Amino acid sequence: MEKITGGCLCGSVRYEANAKPLMTRACWCRVCQYFASGNAAVNAVFPAEAVTISGDVKDFESIADSGNLMHRKFCPTCGVHLFSMAEVRPHILIVRAGTLDNQKDVKIDALIWTSSAPNWVYLDPNIPQFEKQAPPPPLAPTN
Ligand SMILES: [Zn+2]
Ligand SMILES: [Zn+2]
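Residues numbered from 1 in each chain as written. Chains lettered and ligands numbered in written order. Predicted model: local features only at pLDDT ≥ 70, side-chain atom pairs only at ≥ 80, totals over all residues. Heavy atoms only, no water.

**Student:** How should I be thinking about the coordination of the zinc ion (ligand 1) in this particular structure?
**Tutor:** Perfect tetrahedral coordination of a metal by four donors corresponds to 109.5 degrees between them, and perfect octahedral coordination by six donors corresponds to 90 or 180 degrees. Donor atoms from the polypeptide that coordinate the zinc ion (ligand 1) comprise Cys-8 (SG), Cys-10 (SG), Cys-75 (SG) and Cys-78 (SG), at 2.3 to 2.4 Å from the metal. Bound by four donor atoms, the zinc ion (ligand 1) shows angles of 106 to 116° at the metal and therefore tetrahedral coordination geometry. In the primary sequence, the donor residues of the zinc ion (ligand 1) line up as C-x1-C-x64-C-x2-C. Relative accessible area serves as the criterion here: at 9%, Cys-8 is assigned to the buried category. (Donors = N, O, S within 2.8 Å, 3.2 Å for Na, K, Ca; no water. Tetrahedral: all angles 85-135°; square planar, octahedral: opposite > 155°, others 65-115°. Buried < 20%, exposed > 50% of the residue type's maximum accessible area, 1.4 Å probe, protein only.)

Dropping the structure here:
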């Protein structure tokens, strides 16, 4: 398959993936709304081993609404958020879909944390919705 590529706004961080995302979800958790300027963050979930990253990212650690310790990685030059990863699931890399070179083809499989969404939001009834965390993607044995 053709590689999936992307990067930050200033171009200092680039990545490529040699596998398709396992799933893509729009996350309305309160934390994602900070990163996504008030909207949901659109998160493409990749097997971590499929993604190669070049350039330096800064890592901001925080506890998510799910209770997981999360690493949120962003470009220190332009401030764009590119990746996040739950400490308990290092085999999964979440890529912020807005950083994909070809973001037009993104298809959202689920809306999650809809209970935290602002009142103006239209939630597409054709997309599966979860008031809080959805189950982790079907992948990888052990933890
Ligand atoms: Zn940048
Ligand atoms: Zn979120």
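Next comes the rest of the account.
**Student:** Is there a simple way to think about the coordination of the zinc ion (ligand 2) in this case?
**Tutor:** Protein-derived ligands of the zinc ion (ligand 2) are Cys-27 (SG), Cys-29 (SG) and Cys-32 (SG), with the metal-ligand distances lying across 2.1 to 2.3 Å. Between consecutive donors of the zinc ion (ligand 2), the numbers of intervening residues give the motif C-x1-C-x2-C. Each member of the pair, Cys-27 as well as Cys-29, is classed as buried.

**Student:** Is there a simple way to explain the packing of aromatic side chains in this structure?
**Tutor:** Think of a pair of aromatic rings as described by two things: how far the centres are apart, and how the planes are tilted against each other in angle. Under the defined criterion, the tally for this structure stands at two aromatic pairs. For the ring pair Tyr-15 and Phe-83, a centre distance of 5.3 Å and an interplane angle of 70° mean the geometry is edge-to-face. Of this pair, Tyr-15 sits in strand E2 (residues 14-17) while Phe-83 sits in strand E8 (residues 81-86), and the two are 68 residues apart along the sequence. With a centroid separation of 6.1 Å and an interplanar angle of 80°, the aromatic rings of Trp-28 and Trp-120 are classed as edge-to-face. One end of the pair, Trp-28, is in the loop between strand E3 (23-27) and helix H1 (30-35); the other, Trp-120, is in the segment after strand E10 (110-112), and 92 residues separate them in sequence. (Phe/Tyr/Trp six-rings, centres within 6.5 Å; stacked < 30°, edge-to-face > 60°. Helix = DSSP H or I, 4+ residues; strand = E, 2+ residues; numbered from the N terminus.)

**Student:** In this structure, what is going on with the pattern of salt bridges? I would like to understand it.
**Tutor:** Two side chains that carry opposite charge are able to pair once their charged atoms sit near each other. Applying the stated criterion across every chain yields a total of three salt bridges. Here Arg-14 ties to Asp-101 by a salt bridge, and the two come within 2.7 Å at their closest N and O atoms. In this pair, Arg-14 is assigned in strand E2 and Asp-101 in the loop between strand E9 (92-96) and E10, connecting sequence segments 87 residues apart. Note on Arg-14: relative accessible area 34%, which makes it partly exposed. Two residues, Asp-109 and Lys-107, come together in a salt bridge whose shortest N-O distance is 3.4 Å. On the accessibility criterion, Lys-107 (60% relative accessible area) is exposed. (Salt bridge = Lys/Arg side-chain N within 4 Å of Asp/Glu carboxyl O.)

**Student:** In this structure, what is going on with the pairing of E2? I would like to understand it.
**Tutor:** Remark: a regular strand shows side chains that alternate across the two faces of the sheet. Here E2 shows a buried face lined by Tyr-15 and Ala-17 and an unburied face lined by Arg-14 and Glu-16. Bridge analysis of strand E1 (residues 4-7) against E2 gives four bridges, and the strand direction is antiparallel. Of the residues in E2, the one forming a bridge with Thr-5 is Glu-16. In this structure, the hairpin formed by E1 and E2 is closed by a connection of six residues, where Gly-11 is found at a positive phi of approximately 90°. Of the pairings in the sheet, the one linking E2 to strand E5 (residues 51-54) comprises four bridges and is antiparallel in character. In the sheet register, Arg-14 faces E5, and the bridge partner there is Ser-54. (Pairing = 2+ DSSP bridges.)

**Student:** Which parts of the structure should I look at to understand the layout of surface pockets?
**Tutor:** Rolling a probe over the atoms, with the probe sized like a water molecule, indicates the empty space that remains. In this structure, the largest pocket spans a volume of roughly 410 Å³. Around the largest pocket, the lining comprises 17 residues; the ones closest to its centre are Ile-4, Pro-21, Leu-100, Asn-102 and Asp-105. Looking at the lining of the largest pocket, the elements that each hand over two or more residues are E1, E3 and strand E4 (41-47). Looking at the lining of the largest pocket residue by residue, the classes come out as eight nonpolar, three polar and six charged. The space that makes up the second largest pocket amounts to roughly 260 Å³. What lines the second largest pocket is a set of 13 residues, and nearest its centre among them are Phe-35, His-81, Arg-96, Gly-98 and Thr-99. Considering only residue class, the lining of the second largest pocket consists of eight nonpolar, four polar and one charged. (1 Å grid on protein atoms, 1.4 Å probe; cavity = no way out; pocket = protein on both sides within 12 Å on 5 of 7 lines; lining within 4 Å. Points joined across faces, edges and corners; volume = space filled by probe spheres on them. Nonpolar A, V, L, I, M, F, W, Y, C, P; charged D, E, K, R; others polar.)

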